[in-house]
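Given next are the chains, with one letter for each unit.
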Amino acid sequence: MKTEFYQHRDINWLLFNERVLLEAKDETTPLLERLKFLAIFSANLDEYFKVRISQLRQLKKVDKSLRKKLLLRPNKKLGYILDTVDKQQQHFGQILGDILQSLERHNIFFPKPVGLTSEQKAFLKTYFTEKLQGNLEVQKWAHTPQLKDGYLYLLVQSQKEVLGLVRIPTEKHGRFIRVPGPGATLVFLEDVIRANIDLLFPGKAVHGSYAVKLSRDAELYLEDDYGNTALVEHIYDSLGQREYGQPTRLLYDPEMPKETRMAVQNRLGVGEVDMFPGGRYHNLSDFFGLGNPTDDPKLVYPPKAPLPHPVLSKTKDFFASISKKDQLVHFPY
């Protein structure tokens, strides 16, 4: 077998996700559909780190002689993958900025806290005090914080120290809060908390708040790769005590000061290679739930009516028709 004709599947997967980015970049695609492609990219990358990257890192612990027999080169592949992901993330950020700017021409706005009017700030303060403040999970930095896999957090610090972490409860409140303003003016839920963060740390002068998200290792399924054989057991034995749930990627706001990043890395036990600048906003798979805030048909794909099946649309008993003759149906993914 000539290996130059084949691409490692984990690298090939990155090429697939690059294709998703190109769909998001395509200006002929409706704007809100482009956001959905970014959501797909984001969700895919999360899964990739939890499963594929986790496996490569575990394989690095396998005896070198065994890795050689299996033609495994996890160090080389991992380095290439991390470099490629970094470039894709930068591309992602550029595309997102272009889309959000274009949406403003269609009366959909995502203002940052500094751009809010006094009326909007008052609205968000009321929303915060009445619906958020009493139900937020706040972890003090003095104790070792426990970050849940895939959840959003704000790391809050004063001028001299990290104060704690605040979990963003998107599962209860959604990711976007609509505020008074022109068209559809939407604020990220974490920005609602940012705008009122001082109320969570009374007596402390809050200097900054930065988004962080931790991805953790998923269970290995080496049987899928190498078959359920003694070879798999040999690999498991060479791994010794496997570390389930270990951090595989920490996304952080690139505005976070270097000394703060180092404090986070040390406190959470995350390796330098696992630290990734990820923009101001993470978990952008939440764009799936945005919908069409202004009901503008130009921003989404036009609906397509299902085509009637020549046989099954005229029968009341599908199985009776199938028993007489095979029928072909297509369910769009």
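Residues numbered from 1 in each chain as written. Predicted model: local features only at pLDDT ≥ 70, side-chain atom pairs only at ≥ 80, totals over all residues. Heavy atoms only, no water.

**Notes on unusual backbone geometry**
- Phi is positive for N283, which is not a glycine, with a value near 55°.
- Among the structural elements, N283 can be located in the loop between strand 9 (275-277) and helix 11 (318-324).
- On the basis of relative accessible area, N283 is assigned to the buried category, the value being 14%. (Helix = DSSP H or I, 4+ residues; strand = E, 2+ residues; numbered from the N terminus. Buried < 20%, exposed > 50% of the residue type's maximum accessible area, 1.4 Å probe, protein only.)

**Here's the deal with the pairing of strand 4 (residues 162-167)**
- Taken across its six residues, strand 4 has six buried, putting it largely inside the fold.
- Bridge count between strand 2 (residues 138-140) and strand 4: three bridges; the pairing is antiparallel. Within the sheet, the bridge partner assigned to V138 lies in strand 4 and is V166.
- In this sheet, strand 4 lies alongside strand 3 (residues 152-157) in antiparallel orientation, the contact comprising five bridges. Each bridged residue has a counterpart across the sheet, and for L155 the counterpart in strand 4 is L165. (Pairing = 2+ DSSP bridges.)

**Here we look at the confidence of the model for the protein chain**
- On average, residues of the protein chain carry a pLDDT of 84, and 83% of them reach 70 or more.
- Note that pLDDT drops below 50 for residues 238-244; the model gives that stretch 16 contacts with residues more than four away or on any other chain. (pLDDT = per-residue confidence, 0-100. Contact = heavy atoms within 4.5 Å.)

**So, the packing of aromatic side chains**
- Summed over the entire model, instances satisfying the criterion amount to twelve aromatic pairs.
- Relative to F176, the ring of F110 lies with its centre 5.8 Å away and its plane at 75°, an arrangement referred to as edge-to-face. Separated by 66 residues along the polypeptide, F110 in the loop between strand 1 (108-109) and helix 5 (118-132) and F176 in strand 5 (residues 176-179) bring together distant segments of the chain.
- Owing to a relative accessible area of 13%, F110 belongs among the buried residues under this scheme.
- Through a chain of ring-to-ring contacts, the aromatic side chains of W13, F16, Y48, F49 and F276 assemble into a single cluster.
- Positioned above the aromatic ring of Y151, the side-chain terminus of K148 is 5.7 Å from the ring centre. (Phe/Tyr/Trp six-rings, centres within 6.5 Å; stacked < 30°, edge-to-face > 60°. Lys NZ or Arg CZ within 6 Å of the ring centre and 35° of its normal.)

**Some points on a nonpolar patch on the surface**
- A cluster of nonpolar residues, F318, F319 and I322, forms a patch on the protein surface that exposes about 350 Å² of accessible area.
- You can see F319 is positioned in helix 11. (Patch = residues over 30% accessible without salt bridge, like charges linked within 9 Å, V, L, I, M, F, W, Y side chains within 5 Å. Areas by Shrake-Rupley, 256 points an atom, 1.4 Å probe, with all protein chains shown as cover. Salt bridge = Lys/Arg side-chain N within 4 Å of Asp/Glu carboxyl O.)

**Concerning the pattern of salt bridges**
- All told, the structure shown has twelve salt bridges when counted by the stated rule.
- One salt bridge connects R175 with D286, and the closest N-O pair in it is separated by 2.9 Å. Taken together, the positions of R175 in the loop between helix 6 (170-173) and strand 5 and D286 in the loop between strand 9 and helix 11 put the pair 111 residues apart, joining distant regions of the chain.
- The exposure class assigned to R175 is buried, which follows from its relative accessible area of 4%.
- D286 sits in the partly exposed class, given a relative accessible area of 24%.
- Linked through salt bridges whose partners overlap, the residues forming this network are D46, K213 and R249.

**Things to note about the nonpolar core**
- Ranked by internal contacts, the top residues of the largest apolar core, which has 38 residues, are L35, L38, F49, L103, F110, F287 and L290.
- Those elements that place two or more of their residues in this core are helix 1 (9-25), helix 2 (31-59), helix 4 (74-104) and strand 6 (184-188).
- Among the elements that line this core, the one with the most residues is helix 2, at eleven residues.
- Among residues more than four places away in sequence, those in contact with L35 are L96, I99, L103, F287 and L290.
- Counting 22 residues, the second largest nonpolar core, distinct from the first, contains L116, V187, V192 and I197. (Core = buried A, V, L, I, M, F, W, Y, C linked by side-chain atoms within 4.5 Å.)

**A look at the environment of F176**
- F176 sits in the buried class, given a relative accessible area of 17%.
- Remark: the alpha-carbon pair of F176 and F110, spanning 66 residues in sequence, is separated by 9.1 Å.

**Section: the sheet that holds strand 9**
- Pairing within the open sheet is mixed, and its six strands lie in the order 2-4-3-7-8-9. A strand with exactly one partner marks an edge of an open sheet, and here the two such strands are strand 2 and strand 9. In this sheet, adjacent strand axes meet at a mean angle of 30° when their direction is disregarded.
- Along the sheet, helix 10 (residues 258-268) makes contact with strand 3, strand 4, strand 8 (247-252) and strand 9, crossing strand 8 at roughly 155°. (Axes fitted to C-alpha atoms, helices over the stretch in contact; angles between N-to-C directions.)

**Regarding helix 5**
- Across its 15 residues, helix 5 extends 20 Å between first and last C-alpha, which sits within 8% of the 21 Å expected from 1.5 Å per residue.
- Within the span of helix 5, buried status applies to Q120, L124, Y127, F128 and L132. Each buried residue of helix 5 lies within a common arc of 100° when the element is viewed along its axis, so the set occupies one face. With respect to the buried face of helix 5, the exposed residues turned more than 90 degrees away are S118, E119 and E130.
- On its buried face, helix 5 is in contact with helix 6, strand 5, strand 6 and helix 7 (189-194). (Expected span 1.5 Å × (residues − 1). Arc of directions from axis to C-beta.)

**A few points about helix 1**
- In this model, helix 1 (17 residues) spans 24 Å end to end at C-alpha, consistent with the 24 Å of a helix rising 1.5 Å per residue.
- Along helix 1, the residues classified as buried are D10, I11, L14, N17, V20, L21 and A24. Down the axis of helix 1, the sector holding all buried residues measures 150°, keeping them to one side.

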